[in-house]
Amino acid sequence: GESVGLHLPTLSVQEGDNSIINCAYSNSASDYFIWYKQESGKGPQFIIDIRSNMDKRQGQRVTVLLNKTVKHLSLQIAATQPGDSAVYFCAEKGGSQGNLIFGKGTKLSVKP
Amino acid sequence: EAGVAQSPRYKIIEKRQSVAFWCNPISGHATLYWYQQILGQGPKLLIQFQNNGVVDDSQLPKDRFSAERLKGVDSTLKIQPAKLEDSAVYLCASSPRTSGRGTDTQYFGPGTRLTVL
């Protein structure tokens, strides 16, 4: 069935280092992917998105890479800061109504 | 612009009681979503509205859950009667475009944390 999963449930990095959060998806028909950041007690916050006709998209300090061959998505955060500490979810748009399907999440902890 | 508003932020009830959550989406957003997020998991869609009509409620446990968006603006989600496994955060999200495939950035509210004892 359709599913979105994450390779690593937790990730701990040193402040200033780059972070890479990975995500695998199973629905090859999905055409749109989003990364969300969720801080404790808050709703998910949009970070960056990518369409299936692209393989890379850059934002401010973040880059999303899409590898459709292996159905893999990654989020790269440059110069990770303490404020980046949160749970990160990837989501694919591939449901019957084109709804978002979220993965389980990766918790990013930034050590000062 | 104001974000998605939800209330209450926290609710504690006993099993078999009923509870209702309210959501006011971003002004002008046509599509409204209710998600259930169990601790440690990603949000799971319960129901999607486009204006005042239901687009997708395939994952809504209709024997106990109901939702409405009568005037196509704010929405309520009700659980009656609640079960222990309903303990979760209930998130409301809205997006500006109509439903369907393609890009669709959803903006989330802070959620309502429900504890069923």
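These numbers come from a predicted model, not from an experiment. (Residues numbered from 1 in each chain as written. Chains lettered and ligands numbered in written order. Predicted model: local features only at pLDDT ≥ 70, side-chain atom pairs only at ≥ 80, totals over all residues. Heavy atoms only, no water.)

1. Side note on unusual backbone geometry
Then, in step 1: A cis amide bond, omega -10°, links S7 of chain B with the succeeding residue P8 of chain B.
Then, in step 2: Along the chain, P8 of chain B falls in the loop between β1 (5-7) and β2 (10-13).
Then, in step 3: For the bond running from Q80 of chain B to P81 of chain B, omega is -5°, close enough to zero to count as cis.
Then, in step 4: Summarising the element assignment, P81 of chain B is placed in the loop between β8 (75-79) and β9 (88-95).
Then, in step 5: In this structure, R61 of chain A is a non-glycine residue whose phi angle is positive, near 65°.
Then, in step 6: Checked against the element boundaries, R61 of chain A lands in the loop between β6 (56-58) and β7 (62-67).
Then, in step 7: If you check the backbone angles, R16 of chain B has positive phi at about 80° while not being a glycine.
Then, in step 8: Judged by its relative accessible area of 62%, R16 of chain B falls in the exposed class. (Helix = DSSP H or I, 4+ residues; strand = E, 2+ residues; numbered from the N terminus. Buried < 20%, exposed > 50% of the residue type's maximum accessible area, 1.4 Å probe, protein only.)

2. Digging into the pairing of strand β11 (residues 112-116) of chain B
On any regular strand, side chains alternate: one points to one face of the sheet, the next to the other face.
Residue and element names in this part refer to chain B.
Then, in step 1: Only one face of β11 is covered, namely the face carrying T112, L114 and V116; the face carrying R113 and T115 is uncovered.
Then, in step 2: The pairing of β2 with β11 spans four bridges and is classified as parallel. For K11, the partnering residue across the bridge sits in β11 and is L114.
Then, in step 3: Taken together, the three bridges between β9 and β11 define a ladder with antiparallel strand orientation. (Pairing = 2+ DSSP bridges.)

3. Let's talk about the confidence of the model for chain A
Then, in step 1: On average, chain A scores 89 in pLDDT, and the residues at 70 or more come to 89%.
Then, in step 2: At the level of individual helices and strands, chain A shows its lowest average pLDDT in strand β1 (residues 4-5) of chain A, which scores 50, and its highest in β7 of chain A, which scores 98. (pLDDT = per-residue confidence, 0-100.)

4. Things to note about the side chain of T112 of chain B
Residues and elements named next belong to chain B.
Then, in step 1: Within the secondary structure, T112 sits in strand β11.
Then, in step 2: Within the local environment of T112, its side chain forms a polar contact with the backbone oxygen of P8, the two atoms lying 2.5 Å apart.
Then, in step 3: Setting aside its immediate chain neighbours within four residues, T112 contacts Q6, S7, P8, R9, Y10, F21, A88, V89 and Y90. (Polar contact = N/O pair within 3.5 Å; in protein donor to acceptor, adjacent residues only side chain to side chain. Contact = heavy atoms within 4.5 Å.)

5. Some points on the pattern of salt bridges
Residues and elements named next belong to chain A.
Then, in step 1: Applying the stated criterion across every chain, the model contains five salt bridges over all chains.
Then, in step 2: Note that R57 and D49 form a salt bridge whose closest N and O atoms lie 2.2 Å from each other.
Then, in step 3: With a relative accessible area of 36%, R57 lands in the partly exposed category.
Then, in step 4: When its relative accessible area of 9% is taken as the criterion, D49 is described as buried.
Then, in step 5: Residues D84 and R61 are paired through a salt bridge, measuring 2.9 Å at the closest nitrogen-oxygen approach. Residue D84 is located in the loop between β8 (72-77) and β9 (86-93), and its partner R61 is located in the loop between β6 and β7; the two are separated by 23 residues in the primary sequence.
Then, in step 6: When its relative accessible area of 30% is taken as the criterion, R61 is described as partly exposed. (Salt bridge = Lys/Arg side-chain N within 4 Å of Asp/Glu carboxyl O.)

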